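# Fold and geometry: a report
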Amino acid sequence: MSGCRRGVPLAALLLLAAAPLGAQGSRVAPEARLDAIVARRTAIQPAVGADIALSSEIRLELAAGLGASFGHGPAGVSARTDAIARFLIDPAHAMRWSPYLGGGVGARYDRGRPEWRGVAILVVGAAGPVHGHWVPFVEAGFGGGARLGFGLRRGTRAPR
């Protein structure tokens, strides 16, 4: 778990370094998140990513996480990369919490199972009200196990 605690400040630093992307009206917004992937080897991973507006209804999320995994053997390092296309059900953000659906692919690595393996990913989530320049979100789904996550995305001038 000490690797997970070290990953949170690293994720925050990377998010701050990437913040200018969203500040210039770009269609790319940085995000920081914390995910639990519950499976035979459960992982807790802080992650950073980019949320790319492809249209007013479609976003491409690219994320990478690093944390700890445990279960069925000694605890160890866990890593992942994800590419998820999200369809915004409420692109105008008329609701306080705007739902979305997504799907994509990823790769996961766990110490004790020393190989990368591909995973198909399905998620359902909701983006909350804007707080300053940040939008909170919650997400649940499947991909390498049951996934639960939450985080913040930088708001952009592009339609959400």
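Calculation notes
- Residues numbered from 1 in each chain as written.
- Predicted model: local features only at pLDDT ≥ 70, side-chain atom pairs only at ≥ 80, totals over all residues.
- Heavy atoms only, no water.
- Phe/Tyr/Trp six-rings, centres within 6.5 Å; stacked < 30°, edge-to-face > 60°.
- Buried < 20%, exposed > 50% of the residue type's maximum accessible area, 1.4 Å probe, protein only.
- Lys NZ or Arg CZ within 6 Å of the ring centre and 35° of its normal.
- Helix = DSSP H or I, 4+ residues; strand = E, 2+ residues; numbered from the N terminus.
- Contact = heavy atoms within 4.5 Å.
- Patch = residues over 30% accessible without salt bridge, like charges linked within 9 Å, V, L, I, M, F, W, Y side chains within 5 Å.
- Areas by Shrake-Rupley, 256 points an atom, 1.4 Å probe, with all protein chains shown as cover.
- Salt bridge = Lys/Arg side-chain N within 4 Å of Asp/Glu carboxyl O.
- Polar contact = N/O pair within 3.5 Å; in protein donor to acceptor, adjacent residues only side chain to side chain.

Counted by the stated rule, this structure contains 1 aromatic pair. Ring plane angle 40° and centroid distance 5.8 Å describe the contact between tyrosine 109 and tryptophan 116, whose orientation is recorded as tilted. Look at tyrosine 109 and you get partly exposed, because its relative accessible area is 23%. Just above the ring of tyrosine 100 sits the side chain of arginine 86; from NZ or CZ to the centre is 4.6 Å. Over the aromatic face of phenylalanine 137 sits the side chain of arginine 153, whose NZ or CZ is 3.8 Å from the ring centroid.

With that out of the way, let us pick up the environment of isoleucine 121. Examined against the element boundaries, isoleucine 121 turns out to sit in strand β6 (residues 113–127). Among residues more than four places away in sequence, those in contact with isoleucine 121 are Asp82, Ile84, Gly102, Gly103, Gly104, Val105, Gly106, Phe142, Gly143 and Arg147.

This paragraph deals with a nonpolar patch on the surface. Together, Leu54, Ile58, Phe87, Ile89, Leu101 and Val124 make up a nonpolar patch on the protein surface, roughly 520 Å² of accessible area in all. Within the secondary structure layout, leucine 54 lies in the loop between β2 (42–53) and β3 (58–70).

A word on the side chain of serine 78. Relative to the helices and strands, serine 78 resides in strand β4 (residues 76–88). Here the side chain of serine 78 touches glutamine 45 through a polar contact of 2.7 Å, side chain to side chain. Within the structure, serine 78 has its side chain in polar contact with the backbone oxygen of tyrosine 109 (distance 3.4 Å). Non-local contacts of serine 78, meaning those with residues more than four positions away in its chain, are made with Ala43, Gln45, Gly65, Leu66, Gly67, Ala68, Ser69, Arg108, Tyr109 and Asp110.

Function cannot be read off these values alone, since they describe shape.
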